[in-house]
Amino acid sequence: MSKLIIGNLKMNILSPAQQEQYLSLFKKELTGKKINNCELILCPPAIHLPGFQKAKIKKIILGAQNMFWEEKGSYTGEISPAMLKNFDCAYVILGHSERRRYFCERDEEVNLKVISALKNGLKPVLCVGENGEQKKEGSKVVLQQLENCLANISRGKIENVVICYEPVWAISSNNPDHLPSANDIMSAKLLIRKFLVGKYGVKLAEKVKIIYGGSVSASITKEVCLEPGMDGVLIGRESLAPHEFVKIASLLN
Ligand code: PEP
């Protein structure tokens, strides 16, 4: 199974000049690198999708950070799945903790988005994970999020969903002690796999990629992401530095 390396650029890259600089650095970093068995996915702010699309960086697949569930119409400020498809997006991050925290997104809305993304041929990267206050009941929180966000997702569609276990307390942490251990991540992966087996059966459950997100850096990638057998990583902060992103991809190769 190829690994997924997904960069969430969040609300960064503030101008056309910064976009150009980022893309040219990225091209340079990839030049001459052999990256096999990995899908490299960049999720820039939506306003940059046309620029990223035009840049046609070899090996880079595009994704979005969010979308609305309706296909078109009077929804001021929203981006539709069809728009994302037409700008060559293959993936869309859904249910990110920052959407839940700052925009009050609930599981019910995330579920509508997952359904709509799949209907429109996009692969949702569904983020689940407990926050700092929920640490003691982390498993319960993750299972509830999975139950709610995957409601009405049929057997025929589930293999196109990527699940990202992202403990909210580990996002953009500056403290290396403030990260889950490889064991914690492995336990979360097994919990998610077990849920999927219960809902879809072993064969389908094995096809679903389960990745990790939360302060991913080159230095923790091997121990934290490879050894527990994760199918990839979601990278926030470090994806702003093309050199680091490509370094992480090379490690997972
Ligand atoms: C994220 O917010 O999705 C994320 C993984 O961020 P960071 O890598 O900065 O923790």
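In this text, all values refer to a predicted model and were calculated from it rather than measured experimentally.

**Overview of the environment of Leu240**
Here comes step 1: Looking at the secondary structure, you find Leu240 in the loop between β8 (232-235) and α10 (242-252).
Here comes step 2: Leu240 sits 97 residues away from Leu143 along the chain, and the two C-alpha atoms are 31 Å apart.
Here comes step 3: Leu240 has contacts with Leu9, Asn12 and Tyr22, leaving out every residue within four places of it along the chain.

**Side note on the pairing of strand β6 (residues 162-165)**
Here comes step 1: In β6, alternate side chains face the same way, and those of Val162 and Cys164 on one face and Ile163 and Tyr165 on the other are all buried.
Here comes step 2: Sheet topology note: the strand β5 (residues 123-128)/β6 ladder contains four bridges and is parallel. Note that in β6 the partner of Val125 across the bridge is Val162.
Here comes step 3: Between the parallel elements β5 and β6, the chain passes through helix α6 (residues 138-149) in a crossover that is right-handed.
Here comes step 4: Across four bridges, β6 lies against strand β7 (residues 209-213) in parallel orientation. Within the sheet, the bridge partner assigned to Tyr165 lies in β7 and is Tyr212.

**Side note on the site of the ligand**
Here comes step 1: The environment of the ligand is formed by 14 residues, the closest being Lys10, His96, Glu166, Ser172 and Ser215.
Here comes step 2: Contacts to the ligand include Glu166, whose side-chain N or O atom sits 2.7 Å from an oxygen atom.
Here comes step 3: The contact in question runs from an oxygen atom of the ligand to an N or O atom on the backbone of Ser172, over 2.5 Å.
Here comes step 4: Out of a free accessible area of 290 Å², the ligand has 100% covered by protein chains.
Here comes step 5: Looking at side-chain class alone, the shell around the ligand contains four nonpolar, six polar and four charged residues.

**Focus: the nonpolar core**
Here comes step 1: Counting 62 residues, the largest nonpolar core has Ile5, Leu150 and Leu196 as its most contacted members.
Here comes step 2: Counting residues per element, this core draws most heavily on helix α7 (residues 182-200), which supplies six residues.
Here comes step 3: Filtering out sequence-adjacent residues up to four positions away, Leu150 remains in contact with Asn111, Leu126, Gln145, Ile158, Val161, Ile163, Phe195, Leu196, Lys199 and Tyr200.
Here comes step 4: By size, the runner-up hydrophobic cluster in this structure holds 12 residues, among which are Leu4, Ile6, Ile93 and Leu234.

**Remarks on the pattern of salt bridges**
Here comes step 1: On inspection of all chains with the given rule, the structure shows nine salt bridges.
Here comes step 2: Between Arg100 and Asp107 there is a salt bridge, and its shortest N-O distance comes to 2.5 Å.
Here comes step 3: Measuring nitrogen to oxygen at the nearest pair gives 3.8 Å for the salt bridge that ties Glu137 to Lys140.
Here comes step 4: Its relative accessible area of 39% is what places Glu137 among the partly exposed residues.
Here comes step 5: Here the residues in one salt-bridge network are Arg99, Glu105 and Lys113, joined through shared partners.

**Some words on helix α5 (residues 107-119)**
Here comes step 1: Helix length check: α5, at 13 residues, gives a terminal C-alpha distance of 18 Å against a target of 18 Å (1.5 Å per residue), a fit within 8%.
Here comes step 2: For α5, every residue scored as buried is listed here: Asp107, Glu109, Val110, Asn111, Lys113, Val114, Ser116, Ala117 and Leu118.
Here comes step 3: Packed against the buried residues of α5 are α3 (81-86), β4 (89-94), α4 (97-102), β5 and α6.
Here comes step 4: Count one or two residues on from α5 and you reach Gly121, which has phi positive near 75°.

Reading the values: rules and limits
Residues numbered from 1 in each chain as written. Predicted model: local features only at pLDDT ≥ 70, side-chain atom pairs only at ≥ 80, totals over all residues. Heavy atoms only, no water. Helix = DSSP H or I, 4+ residues; strand = E, 2+ residues; numbered from the N terminus. Contact = heavy atoms within 4.5 Å. Buried < 20%, exposed > 50% of the residue type's maximum accessible area, 1.4 Å probe, protein only. Pairing = 2+ DSSP bridges. Right-handed = clockwise from strand over helix to strand, strands pointing away. Near = heavy atom within 4 Å. Polar contact = N/O pair within 3.5 Å; in protein donor to acceptor, adjacent residues only side chain to side chain. Areas by Shrake-Rupley, 256 points an atom, 1.4 Å probe, with all protein chains shown as cover. Nonpolar A, V, L, I, M, F, W, Y, C, P; charged D, E, K, R; others polar. Core = buried A, V, L, I, M, F, W, Y, C linked by side-chain atoms within 4.5 Å. Salt bridge = Lys/Arg side-chain N within 4 Å of Asp/Glu carboxyl O. Expected span 1.5 Å × (residues − 1).

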